[in-house]
Amino acid sequence: MNAGSDHPQDLTLREQARAVAAGELDATELLDATLRRIEERDGPVNSIVDTFASESARMLNEAPEGPLHGVPIAVKDMFTLPWRAPRDGAPRNLQGFGPGESAVYRRLRDAGAVIVAVTNMHEFGAGSTGHLSVYGPCATPWDTTRCAGGSSGGSGAAVAARLVAGAVGTDGGGSIRYPSAYCGITGLKLTWGTVPPDGYTHGHASLGAPGPMCRDAADARLLGEALAARPLPEQRATNLRVGVVRTFWENIDPEVHEHCDLAVERLRESGLTVAEVELDGTEFVRIATVLRLGLEGDPYVKPEIWEEIQGEVSPVGRALAKYLSLAPATAVVRTDLVRAQLRRSLARAFGHVDVLAWPMVPAPPPPIADPRVQLPSGEVPADYGNVRQGGIANLSGVPALSAPCGFTRTGLPIALHLLAHWGEDERLLDVAELLEQATERRYVDAVPPLAHATAVS
């Protein structure tokens, strides 16, 4: 699965940044190579929905000497840029955002990065598969008939396909972590509130947070520091304690279960202490995440925009909007009771362990044509299984990370889910790096068939 290449897009994010800073790689040539790679390779995955060569060149010309000076970064279709309004994977965003300087744009700009593209996403961010979008479905580079994940599927697929070395996603119910799992990359949902919400179409949400999506933990640390505007210092993870929450290991695809078990064992062999931990309220994670995520966004929808575009919205999107409009106000109160219970339970757990672990998604990426997954209990929609695994980090606001840890027999990625205490984002990166070392980097350095074929042709 690995292939060598002299193409600058095959360098990691930190290698690109280091080479540009050392004068070994011309930033203009890197930008041009990135745009060519997108044009040549993106077709089968459909991860990129917009490029803007002149605006990117202008951003490069004005870039300060920051840690990402001259490095191309792609951003999800949820952030205002000075030259482009976000669309949320739909005909228009529902809040009426136009072009502008989002906080994500400013932080990337201040780090010297160059925004090179906008990535595809699930319609309105309301799905974990990425198969519904005004731009068309987004595919994982590991099998272009299968979903890239949602809602930040384009960011995940673009990194996995080696179109960019780093991308920004957002995560309101797992939307960074599901695509990272489906695409075999590392994705970090930062602690809620780390990045200011201005210019982010879901900035009103108490669940959503941006974060880095990169090939490995070291790259995610570099991009995460730019987004957080603070260091995420690296420490040896060998003295940390991992809590395994067995509730989230139930009804999991056998291959996923096996590889995630092995990943935890590798961490144990590397010096971490592993213990089982129980959390209260986990049976309500799925419904509380879906209800809270939808209901708190409804007041920010401009009715005139919805009336204008609803005929172009998918039937699923229209049905979800109708469902939310009929939900009683008491649903918000009930979800907040669940959130309080989960937060108390997590606080108790983090009194005994440093990191929690369980499978990121219950099954490998499903087909785009029929996004359902087969679990031991039977076949279910992918969303149904995924949100149960990921939503607790959004309801509680704590940082969470998806780390590659294996492949199915058919070559589809498998990922381990890691959570840490509020504000301890760097601990997740420390554990992810330890896992990479323990598995000899075979999963983070693996190249998808689509990228491999191009690299060796």
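The preceding data block contains the structure.
Predicted, not measured: the structure shown is a model, and the values here were computed from it. (Residues numbered from 1 in each chain as written. Predicted model: local features only at pLDDT ≥ 70, side-chain atom pairs only at ≥ 80, totals over all residues. Heavy atoms only, no water.)

Engineer: Now, about a nonpolar patch on the surface: what can you tell me, with residues and values included?
Structural biologist: A surface patch of nonpolar side chains, amounting to about 280 Å² of accessible area, comprises Phe284, Ile287 and Tyr323. For Ile287, a relative accessible area of 43% gives the class partly exposed. (Patch = residues over 30% accessible without salt bridge, like charges linked within 9 Å, V, L, I, M, F, W, Y side chains within 5 Å. Areas by Shrake-Rupley, 256 points an atom, 1.4 Å probe, with all protein chains shown as cover. Salt bridge = Lys/Arg side-chain N within 4 Å of Asp/Glu carboxyl O. Buried < 20%, exposed > 50% of the residue type's maximum accessible area, 1.4 Å probe, protein only.)

Engineer: Please set out the pairing of strand β12 (residues 372-375) residue by residue, giving values where relevant.
Structural biologist: Consecutive side chains along a regular strand alternate between the two faces of the sheet. Only one face of β12 is covered, namely the face carrying Val373 and Leu375; the face carrying Arg372 and Gln374 is uncovered. Of the pairings in the sheet, the one linking β12 to strand β13 (residues 378-381) comprises four bridges and is antiparallel in character. What sits directly across from Arg372, in β13, is Pro381. Taking the residues that link successive antiparallel strands as the turn, the β12-β13 hairpin has two residues. (Helix = DSSP H or I, 4+ residues; strand = E, 2+ residues; numbered from the N terminus. Pairing = 2+ DSSP bridges.)

Engineer: Tell me what's going on with the environment of Arg268, and back it up with residues and numbers.
Structural biologist: By the secondary structure assignment, Arg268 is in helix α8 (residues 254-269). Taking the C-alpha atoms as reference, Arg268 lies 37 Å from His7; in sequence the two are 261 residues apart.

Engineer: Break down the environment of Ser155 for me, citing the residues and quoting the values.
Structural biologist: Structurally, Ser155 can be placed in helix α5 (residues 153-160). According to the relative accessible area criterion, Ser155 is buried, its value standing at 0%. Taking C-alpha positions, Ser155 is 31 Å from Phe350, a pair spaced 195 residues apart along the chain. With near-sequence residues (within four places) excluded, Ser155 lies in contact with Lys76, Thr119, Asn120, Ala167, Val168, Gly169 and Met213. At 2.9 Å, the side chain of Ser155 forms a polar contact with the side chain of Thr119. Looking at Ser155, its side chain comes within polar contact range of the main-chain oxygen of Val168, at 2.9 Å. (Contact = heavy atoms within 4.5 Å. Polar contact = N/O pair within 3.5 Å; in protein donor to acceptor, adjacent residues only side chain to side chain.)

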